[in-house]
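A closer look at the structure
As a plain string of letters, each chain reads:
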Amino acid sequence: MNVNTQSINFVADVKLKNFIQKRFEKLNQYYDKIIQTEVYLKVENTSDKENKIFEAKLSVAGDTFVVKKQSKSFE
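Read on for a plain summary of the structure.

**So, the overall build of the chain**
When helices and strands are tallied, the chain shows one helix and four strands. Sequence-ordered secondary structure for the chain, helices as α and strands as β, is β-α-β-β-β. Referenced to the eigenvectors of the C-alpha coordinate spread, the extents of the chain come out at roughly 40 × 25 × 15 Å. Split into buried and exposed, the 75 residues of the chain put 28% on the buried side. Total accessible area on the chain is roughly 5,600 Å²; 47% of this is exposed by carbon and sulfur atoms. Within the chain, one finds 13 positive and 10 negative side-chain charges whose respective centroids are separated by 4 Å.

Here is the structure:
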């Protein structure tokens, strides 16, 4: 599965991109009809510790799923 990863307001490390790729490849075990996956990693410019936003958009046959999470780290 090809995961298109975009980082906003920072440069994503190769280790982070590989981590995301491995996690999304596990989804193929449960559902093998995923057409496209887009991941957006954002860092807000705030003093709050939970300033990292992960957003994933999965396109499957006939539908699109969007997941968004804000946390201290991307992992």
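That covers the picture; the talk isn't over yet.
**Details of the layout of surface pockets**
Taken as a whole, the largest pocket holds about 260 Å³ of empty space. Around the largest pocket, the lining comprises 15 residues; the ones closest to its centre are Phe19, Phe24, Phe54, Phe74 and Glu75. For the lining of the largest pocket, the class distribution of residues is nine nonpolar, two polar and four charged.

Parameters and conventions
Just so you know, the residues in each chain are numbered from 1, in the order the chain's sequence is written. Reporting of local features is limited, given that this is a predicted model, to residues whose pLDDT is at least 70; pairs of side-chain atoms are given and counted only at 80 or more, and all residues count toward the totals for whole chains, interfaces and linings. Derived side-chain values reflect all non-hydrogen atoms in the structure, with water molecules and hydrogen atoms excluded from consideration. Helix and strand assignments follow DSSP, with helices taken as H or I runs no shorter than four residues and strands as E runs no shorter than two, numbered in order from the N terminus. Any residue under 20% of the maximum accessible area for its type is buried, any over 50% is exposed, and the rest in between are partly exposed; the area is computed with a 1.4 Å probe on protein chains only. Surface accessibility follows the Shrake-Rupley procedure with a 1.4 Å probe radius. Residue values consider only the protein chains on display as shielding. When charges are counted, Lys and Arg are positive and Asp and Glu negative, with His and the chain ends excluded. The location of each charge is read from NZ of Lys, CZ of Arg, CG of Asp or CD of Glu. Using a grid of 1 Å spacing that covers the protein atoms alone, one calls a set of points a cavity when a 1.4 Å probe fits there but cannot get out, and a pocket when the set is open and has protein on both sides within 12 Å along at least five of seven lines; lining residues are those with an atom within 4 Å of a point. Grid points are joined across faces, edges and corners, and a volume is the space filled by probe spheres set on the points. Charged means Asp, Glu, Lys or Arg here, nonpolar means Ala, Val, Leu, Ile, Met, Phe, Trp, Tyr, Cys or Pro, and polar covers whatever is left, Gly included.

In short, shape yes, function no, at least from these values alone.
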